[in-house]
Amino acid sequence: QQPVQSPQAVILREGEDAVINCSSSKALYSVHWYRQKHGEAPVFLMILLKGGEQKGHDKISASFNEKKQQSSLYLTASQLSYSGTYFCGTGGQSGGSNYKLTFGKGTLLTVNP
Amino acid sequence: DSGVTQTPKHLITATGQRVTLRCSPRSGDLSVYWYQQSLDQGLQFLIQYYNGEERAKGNILERFSAQQFPDLHSELNLSSLELGDSALYFCASSGRAKGNTIYFGEGSWLTVV
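Residues numbered from 1 in each chain as written. Chains lettered and ligands numbered in written order. Predicted model: local features only at pLDDT ≥ 70, side-chain atom pairs only at ≥ 80, totals over all residues. Heavy atoms only, no water.

A. Molecular detail of the overall build of chain B. When its secondary structure is counted, chain B shows zero helices and 11 strands. Secondary structure elements in chain B, listed N-terminal to C-terminal, are β-β-β-β-β-β-β-β-β-β-β. A compact globule built from 113 residues should have a C-alpha radius of gyration of about 13 Å, and chain B, at 13 Å, falls within 12% of that. C-alpha atoms of chain B, sized along the principal axes, occupy 40 × 25 × 20 Å. For chain B, with 113 residues in total, the buried portion stands at 50%. Long-range pairs, those at least 24 residues apart, make up 53% of the contacts in chain B between residues at least 6 apart in sequence. Surface accessibility of chain B: about 5400 Å² in total, with carbon and sulfur atoms responsible for 48%. (Helix = DSSP H or I, 4+ residues; strand = E, 2+ residues; numbered from the N terminus. Rg over C-alpha atoms; globule rule 2.2 N^0.38 Å. Buried < 20%, exposed > 50% of the residue type's maximum accessible area, 1.4 Å probe, protein only. Contact = heavy atoms within 4.5 Å. Areas by Shrake-Rupley, 256 points an atom, 1.4 Å probe, with all protein chains shown as cover.)

In structure tokens:
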């Protein structure tokens, strides 16, 4: 099943913060966050693994609540370059965090000067 | 540059035709994934291969097929094309480094007319 992202879109002024949420109806083993500019390839931001391990971007943080089957991506002091569509992907099972990695429909983030 | 190479970058073809999209994964990556992204849609997982073997199937139509060859490159075959198959098709690959981070290629734009 496809994870559900919220909000669908958000508009910020440069320097403001944003939170993007991702929830799943099934148990999460891993959550992957990507940013995509229009017409370009998605770019890896962060991966969160069951058990608390995180690997990712220095200026972006995320949380992973296994019990609630939710993840949130925190963007602080947003820059113009943060604009794009953010996707969360969920998947995996024990031993394979990328198994059937399925992405949500995305959150369009626009940062204005 | 993610290191994942996809060809062709753009393709225009007529309904009913068949096309083949090619993907070369990053050096050393054993896993290959195919995703479809239609206008205003998220990333739809199609299929996943690991070292030549099919590992997981998503929303892949029966008219579509894929394979991963011994040299680890992969091909996605789309047949009996319909207008609705027009989309951006991404290939991605992952290895054991960085928590199995998935790296996306630039995509192949398919337009069916």
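B. Spotlight on the environment of Gln-70 of chain A. Residues and elements named next belong to chain A. If you trace the backbone, Gln-70 turns up in strand S8 (residues 70-75). Residue class for Gln-70 comes out partly exposed when judged on its relative accessible area of 37%. Counting along the chain gives 28 residues from Gln-70 to Pro-42, while the straight-line C-alpha distance between them is 21 Å. Here Gln-70 is in contact with Cys-22, Ser-23, Leu-28, Ser-63, Phe-64 and Asn-65, once residues within four sequence places are set aside.

C. Geometry of the packing of aromatic side chains. In this structure the tally under the stated criterion is nine aromatic pairs over all chains. Aromatic pair Phe-64 of chain B and Tyr-89 of chain B: ring centres 6.4 Å apart, planes at 75°, arrangement edge-to-face. Placement of the pair is Phe-64 of chain B in strand S7 (residues 64-68) and Tyr-89 of chain B in strand S9 (residues 87-94), with a sequence separation of 25 residues. The exposure class of Phe-64 of chain B is buried, given its relative accessible area of 6%. Since its relative accessible area comes to 0%, Tyr-89 of chain B is described here as buried. Put simply, the rings of Tyr-34, Phe-44 and Phe-103 of chain A together with Tyr-35, Phe-45, Phe-90 and Phe-104 of chain B touch in pairs and so form one group of aromatic residues. (Phe/Tyr/Trp six-rings, centres within 6.5 Å; stacked < 30°, edge-to-face > 60°.)

D. Representation of the pattern of salt bridges. Residues and elements named next belong to chain B. Tallied over the entire structure, the rule returns four salt bridges over all chains. One salt bridge connects Arg-63 with Asp-85, and the closest N-O pair in it is separated by 2.8 Å. Of this pair, Arg-63 sits in the loop between strand S6 (53-57) and S7 while Asp-85 sits in the loop between strand S8 (74-78) and S9; the two residues are 22 residues apart in sequence, bridging distant segments of the chain. With respect to class, Arg-63 is no different from Asp-85; both count as buried. (Salt bridge = Lys/Arg side-chain N within 4 Å of Asp/Glu carboxyl O.)

E. A look at unusual backbone geometry. Here Ser-6 of chain A and Pro-7 of chain A are connected by a cis peptide whose omega angle stands at -10°. As for its placement among the helices and strands, Pro-7 of chain A is situated in the loop between strand S1 (4-6) and strand S2 (9-13). The amide bond that connects Thr-7 of chain B to the next residue, Pro-8 of chain B, takes the cis arrangement and shows omega of -10°. For Pro-8 of chain B, the position within the fold is in the loop between strand S1 (5-7) and strand S2 (10-13). Not every positive phi belongs to a glycine, and Gln-69 of chain A is a case in point at roughly 55°.

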